[in-house]
Amino acid sequence: MQLTIIDKNLPGEGGASSVAGGLLHPFSPRGKLIHMGMEGLEVSSHLIDIASKYEPECVLRDKLYRIAQTDSHVEQLTTTADTYPDLATWLDQNQISKICGTEHSLGGLELSNGCKVIHVPTYLKGLWMACQEASTGNTVNWSVEENVKGDWKSRLSEFDTVVFAAGSGLFHDKILRNDAHEFPAEMVRGQSIEMHTNELEGTRNEAVLCGKYVAPMVAQDQILIGATHEYKAEPLSESEVWNELKNRSYELAPNLWDHGTAARITSGYRVQSKRGKYGRMPIIGRSSGDIHDNSWLFTGLSSRGLIYHGVFGDILSSAIIENDELSMLEEYPDLHW
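Here we summarise the structure given alongside this text. These numbers were taken from a predicted model, which means no experiment stands behind them. (Residues numbered from 1 in each chain as written. Predicted model: local features only at pLDDT ≥ 70, side-chain atom pairs only at ≥ 80, totals over all residues. Heavy atoms only, no water.)

### Observations regarding the packing of helix H1 (residues 37–52) against helix H9 (residues 305–322)
Logical step 1: Contact pair H1 / H9: the axes reach a minimum separation of 7 Å and the direction vectors enclose 90 degrees. With respect to H9, the element H1 is oriented roughly perpendicular. Two secondary-structure elements touch here, H1 through Gly37, Glu39, Gly40, Leu41, Val43, Ser44 and Leu47 and H9 through Leu306, Ile307, His309, Gly310, Val311 and Asp314.
Logical step 2: Residues of the contact of H1 with H9, tallied by class, amount to 6 nonpolar, 5 polar and 2 charged. (Axes fitted to C-alpha atoms, helices over the stretch in contact; angles between N-to-C directions. Helix = DSSP H or I, 4+ residues; strand = E, 2+ residues; numbered from the N terminus. Parallel < 35°, antiparallel > 145°, perpendicular 65-115°, else oblique. Contact = heavy atoms within 4.5 Å. Nonpolar A, V, L, I, M, F, W, Y, C, P; charged D, E, K, R; others polar.)

### Here's the deal with the nonpolar core
Logical step 1: Formed by 49 residues in total, the largest nonpolar core has its most connected members in Phe312 and Leu335.
Logical step 2: Top contributing element to this core by residue count: H9, with 8 residues.
Logical step 3: Other than its neighbours up to four places away in sequence, Leu335 contacts Met281, Pro282, Ile284, Phe312, Ile315, Met328 and Leu329.
Logical step 4: Judged by nonpolar contacts, the second largest core, of 18 residues, contains Leu91, Val208, Cys210 and Leu252. (Core = buried A, V, L, I, M, F, W, Y, C linked by side-chain atoms within 4.5 Å. Buried < 20%, exposed > 50% of the residue type's maximum accessible area, 1.4 Å probe, protein only.)

### Digging into helix H4 (residues 120–134)
Logical step 1: Between the first and last C-alpha of H4 there are 21 Å, a value that for 15 residues agrees with the 21 Å anticipated at 1.5 Å per step.
Logical step 2: All of the buried residues in H4 are Val120, Pro121, Thr122, Tyr123, Gly126, Leu127, Trp128 and Ala130.
Logical step 3: Against strand E1 (2–7), H1, strand E7 (116–118), strand E8 (139–144) and H9 lie the buried residues of H4. (Expected span 1.5 Å × (residues − 1).)

### Some remarks on H9
Logical step 1: Spanning 18 residues, H9 covers 25 Å between terminal C-alpha atoms, matching the ideal 26 Å at 1.5 Å per step.
Logical step 2: In the structure, H9 departs most strongly from a straight axis at Val311, where the bend amounts to approximately 25 degrees.
Logical step 3: All of the buried residues in H9 are Leu306, Ile307, Tyr308, His309, Gly310, Val311, Phe312, Gly313, Ile315, Leu316 and Ala319.
Logical step 4: Of the residues trailing H9, Asn323 is marked for its positive phi of about 50 degrees. (Bend = angle between axes of the 7 residues up to and from the residue.)

### Section: the layout of surface pockets
Logical step 1: Its boundaries defined by the atoms lining it, the second largest pocket holds a volume of some 260 Å³.
Logical step 2: Looking at the second largest pocket, it is lined by 18 residues, and the ones nearest its centre are Ser18, Ala20, His119, Glu194 and Met217.
Logical step 3: Those elements that provide at least two residues to the lining of the second largest pocket are E7, H4 and strand E14 (261–273). (1 Å grid on protein atoms, 1.4 Å probe; cavity = no way out; pocket = protein on both sides within 12 Å on 5 of 7 lines; lining within 4 Å. Points joined across faces, edges and corners; volume = space filled by probe spheres on them.)

### Topic: the pattern of salt bridges
Logical step 1: Evaluation of the coordinates by the stated rule reveals 7 salt bridges.
Logical step 2: The residue Lys63 makes a salt bridge to Glu110 at a minimum N-O spacing of 3.9 Å. A residue pair is termed long-range when its members are at least 10 positions apart, and Lys63 in the loop between strand E3 (59–61) and strand E4 (64–67) and Glu110 in strand E6 (residues 108–111) qualify at 47 residues.
Logical step 3: Two residues, Arg155 and Glu158, come together in a salt bridge whose shortest N-O distance is 3.0 Å.
Logical step 4: It is possible to trace a salt-bridge network through shared partners that takes in Glu145, Arg155 and Glu158. (Salt bridge = Lys/Arg side-chain N within 4 Å of Asp/Glu carboxyl O.)

### So, the pairing of strand E18 (residues 295–299)
Logical step 1: Most of E18 sits inside the fold, with 5 of its 5 residues counted as buried.
Logical step 2: Side chains Ser295, Leu297 and Thr299 project from E18 onto one buried face, and the interleaved Trp296 and Phe298 project onto a second face that is buried too.
Logical step 3: As judged from the 3 bridges shared by strand E9 (residues 162–164) and E18, these two strands associate in the parallel manner. Paired with Val162 across the two strands is Ser295, which belongs to E18.
Logical step 4: Bridging between strand E17 (residues 283–286) and E18 involves 4 bridges; their strand directions are antiparallel. The partner of Arg286 across the bridge, within E18, is Trp296. (Pairing = 2+ DSSP bridges.)

### Remarks on the sheet that holds strand E2 (residues 23–24)
Logical step 1: A sheet is described by the order of its strands in space; here 3 strands give the open sequence E2-E7-E3, paired in antiparallel fashion. Unpaired on one side and paired on the other, E2 and E3 mark the two borders of the sheet.
Logical step 2: The sheet contact formed by E3 and E7 spans 2 bridges and is antiparallel. Bridge pairing links Arg61 to Val117 in E7.

### Quick notes on the sheet that holds E14
Logical step 1: Strand order in this open sheet of 8 strands is E5-E6-E4-E11-E12-E13-E10-E14, and the pairing throughout is mixed. Looking at the sheet topology across the chains shown, the edges are occupied by strand E5 (88–91) and E14. Put simply, the sheet's adjacent strands are angled 25 degrees from each other on average, direction ignored.
Logical step 2: Both strand E10 (residues 185–196) and E14 contribute to a ladder of 12 bridges, which runs antiparallel. Residue pairing for E14: Arg189 is matched across the bridge by Tyr269.
Logical step 3: Contacting E10, strand E11 (208–210), strand E12 (212–216), strand E13 (222–226) and E14, helix H7 (residues 238–249) runs over the sheet at an angle of about 80 degrees to E10.

Written out as structure tokens, the structure reads:
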């Protein structure tokens, strides 16, 4: 078997994954378990363990915190703690303030036991190193190609099977021109701010989320605050990004907003699938065949790339190896798109 990955960048160096917040947990904003959340957490944790053998620094924290700011949040999140005690522990206001530096919460959840903060670029590098070592007797190759110039049919003709898995690049680079017509997803821009803490006393470096998020980065004096959800073609200006994120996340990190400084603004695109019975599900299955007769899709992970990439990657891989999309859809009917 020969496996070739064609990308514009090396692992972890391009696309939304290179600027992702890296928050791994199986819960919706209301504290409900997402569809296949436990399965996703198990498979993703296994992959992270593998990647960590090559890149130990890919795990930044083994806990994160979901803050309650309203009475409704308290009701929802205490229910989560009662329902999933192995993953979620309720902390009172004083505990949250001490750990997170969030002074005006009503308490919150500590998420652990598999819930983590990942430095996604490092994780992807470690995962690729694991693939290379596991390929004994086979060939795996990462080919950096920036200028195919639209002739994908010719470029991919040498391969028996093709999987289109480039996220927003599939559409921005017009790889899936025909598939993009009435495609059940939309491009959503996300901009985030990398902040310098300036070694401020009282500034915590934990991952805190409540709508928006505050997450640690590799450098101890940097914190990522994100992310916007932008549907218009014209991106928000730097000042608009600053104002929106400050308005939506100030209570999560007031000391940082008052005294920190912005290092840079990052940007990426989510391929956001349409909301269905189980929320936003990945878009996987056979492609139309306009570019390659045996082509498949793996996209539409929305904001759930970390929790869903492993479990749905396994599902799709099995269907490709068995050349059987029908059985996949019979077992997972929620994947119809």
